[in-house]
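Coordinate analysis (summary)
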2 protein chains.
Amino acid sequence: MSQATLATSQSINGFELRALQELVEHVSADPDSAIAGFRVTSQWNGGARVESKVTEYELAGQKIGRRYVIRSDEPRELLGEDTAPNPQELLFAALNACMIFGYVTNAAALGITVERLSIETHGSLDIRGALAVADVPAGMTEIHYTVRLRANASPEQLEALHQRVMAHSPNRFHLAQPIRLVPRLLIEG
Amino acid sequence: MSQATLATSQSINGFELRALQELVEHVSADPDSAIAGFRVTSQWNGGARVESKVTEYELAGQKIGRRYVIRSDEPRELLGEDTAPNPQELLFAALNACMIFGYVTNAAALGITVERLSIETHGSLDIRGALAVADVPAGMTEIHYTVRLRANASPEQLEALHQRVMAHSPNRFHLAQPIRLVPRLLIEG
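Overview of the structure. (Residues numbered from 1 in each chain as written. Chains lettered and ligands numbered in written order. Predicted model: local features only at pLDDT ≥ 70, side-chain atom pairs only at ≥ 80, totals over all residues. Heavy atoms only, no water.)

**Overview of the nonpolar core**
If you look at the biggest cluster of nonpolar residues, it comprises 120 residues, and the most contacted ones within it are Leu117, Ile127 and Leu149 of chain A together with Leu117, Ile127 and Leu149 of chain B. With residues up to four places along the chain from it excluded, the contact list for Leu149 of chain A reads Val114, Arg116, Leu117, Leu158 and Leu161 of chain A together with Leu185, Leu186, Ile187 and Glu188 of chain B. (Core = buried A, V, L, I, M, F, W, Y, C linked by side-chain atoms within 4.5 Å. Buried < 20%, exposed > 50% of the residue type's maximum accessible area, 1.4 Å probe, protein only. Contact = heavy atoms within 4.5 Å.)

Structure representation (structure tokens):
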């Protein structure tokens, strides 16, 4: 994001350029300050219903309180009560939101004003994998998404922005790359 | 899930065993009926705010309408307005909810009554990757989670259930395995 050559008092895409540059300078000078720790605790509520809670996150070792609840369920045809989005829909929302943040912050750093941006994501799951009734992958092996972008920049600049988000979006990375998942099972009496 | 030997009129963990067995038999007999297509459209709302919408999903080629909105934002320290969970928190909620569904449905199929179940997930992100200011991975390379389970089964049975969820949870697969992400960029005039 070092390309910004605009006055730092300016705001683009809803971001103060000064705040963006200060964040970049801060984490560059002090790598420990760049560590953001996220935590979610999810409680089973019967059937397919789950309530996931955020109570804090950590930045540079400091806990910062925040309170959010994310509810999920399954459609009726998949044994749920259809009271909330399902886990795959939450996953797509997580992917899209992370990439959107990447487009608009990188655009801001490059002096590009985004007028409109949406991402539509779809994928197909063969539920025989989850049900363990056929030798098929447990999940989707590919996910497709369409980015619709309107911004005051050339197609070449927007293509470069697109490549940049592909290379640097955390949640895109979490899906595209294999992540080590470290479980611990605590059996309660 | 073929291990169920219980009367199918029974309900365990909020699932009718008859419905669970019918689903298993249906998708086993007709693989086309096992394809569930999910779709999420996410709209940028300024700054870090994103509104993701579910309007339908597809099962066996049939569109089934459902309407949900999933909001996200970033904490203030990460340039957001802290009005909703962030994309990494949505991702953890997606992972946890999918695995919880795996534990309780597989437990039901095995005749195990789950009394209590929660999953706590955490991971640390070096945001210099997303900001492209250091040569570090864009995302977390490992994610830790703790499953707390209380159920009427032996530790060995619950350990087997745990292994089964690790092998067959779709969203666990989506993180643990590399998924092919297929983008399309549409520049709007």
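**Some thoughts on the packing of helix α2 (residues 87–109) of chain A against helix α4 (residues 155–168) of chain A**
Residues and elements named next belong to chain A. α4 packs onto α2 with a crossing angle of 130° between their chain directions and a minimal axis gap of 9 Å. Considered as vectors, α2 and α4 are oriented oblique to each other. Both α2 and α4 take part in a crossing whose hand is right-handed. Counted together, Met99, Gly102, Tyr103, Asn106 and Ala107 of α2 and Leu161, His162, Arg164 and Val165 of α4 form the full contact between these two elements. Taken together, the residues that form the contact of α2 with α4 break down as 5 nonpolar, 3 polar and 1 charged. (Axes fitted to C-alpha atoms, helices over the stretch in contact; angles between N-to-C directions. Helix = DSSP H or I, 4+ residues; strand = E, 2+ residues; numbered from the N terminus. Parallel < 35°, antiparallel > 145°, perpendicular 65-115°, else oblique. Left-handed = near helix turned anticlockwise from the far one by under 90°. Nonpolar A, V, L, I, M, F, W, Y, C, P; charged D, E, K, R; others polar.)

**As for the sheet that holds strand β4 (residues 50–59) of chain B**
The sheet built from 6 strands is open, its strands ordered β5(B)-β4(B)-β3(B)-β6(A)-β7(A)-β8(B) with mixed pairing. The open sheet has two free edges, formed respectively by β5 (62–72) and β8 (180–187) of chain B, since each of these has just one partner strand. For this sheet, the mean angle separating the axes of adjacent strands, direction not counted, is 15°. Taken strand by strand, α2 of chain A contacts β6 (114–126) and β7 (142–151) of chain A together with β3 (35–44), β4, β5 and β8 of chain B, and its axis lies near 150° from that of β6 of chain A. (Pairing = 2+ DSSP bridges.)

**Description of the interface of chain A and chain B**
Residue-level contacts link 124 residues of chain A with 124 residues of chain B. Between chain A and chain B, the buried area comes to about 11700 Å², and carbon and sulfur atoms account for 63% of it. Taken together, the links from chain A to chain B amount to 10 salt bridges. On the surface where chain A and chain B come into contact, there are 70 residue pairs in polar contact (both at pLDDT 80 or more). If you tally residues by element for the side of chain A that touches chain B, the top one is α2 of chain A, at 15 residues. (Buried area = accessible area lost by both parts, 1.4 Å probe. Salt bridge = Lys/Arg side-chain N within 4 Å of Asp/Glu carboxyl O. Polar contact = N/O pair within 3.5 Å; in protein donor to acceptor, adjacent residues only side chain to side chain.)

**Structural notes on the relation of the copies chain A and chain B**
Superposing chain A onto chain B takes a rotation of 180° combined with a translation of 0.0 Å along the rotation axis, leaving an RMSD of 0.0 Å. As the rotation angle and translation indicate, the two copies are arranged about a two-fold axis. (Least-squares fit on C-alpha atoms with pLDDT ≥ 70 in both.)

**A short note on helix α4 (residues 155–168) of chain B**
Residues spaced three or four apart along an α-helix face the same direction, because each turn holds 3.6 residues. With 14 residues, α4 of chain B should cover 20 Å at 1.5 Å per step; its first-to-last C-alpha distance of 20 Å lies within 8% of that length. Among the residues making up α4 of chain B, those that are buried are Leu158, Leu161, His162, Arg164 and Val165 of chain B. The buried residues of α4 of chain B occupy an angular sector of 160° when the element is viewed end-on, so they sit on one face. For α4 of chain B, the elements touching its buried residues are α3 (127–131) and β8 (180–187) of chain A together with α2 (87–109), β7 (142–151) and α5 (170–176) of chain B. (Expected span 1.5 Å × (residues − 1). Arc of directions from axis to C-beta.)

**Here we look at the pairing of β4 of chain B**
All names here are of chain B. In the sheet, β3 pairs with β4 via 6 bridges, with the strands oriented antiparallel. Each bridged residue has a counterpart across the sheet, and for Gly37 the counterpart in β4 is Glu58. Taken together, β3 and the strand that follows it, β4, pair antiparallel across an intervening segment of 5 residues, in which Gly46 is found at a positive phi of about 95°. Two strands pair when backbone bridges link them, and β4 and β5 are joined in this way by 9 bridges, in the antiparallel orientation. Within β5, the residue paired with Ser52 across the bridge is Ile70. Connecting β4 to the next strand, β5, in antiparallel fashion are 2 residues, including Ala60 with a positive phi near 55°.

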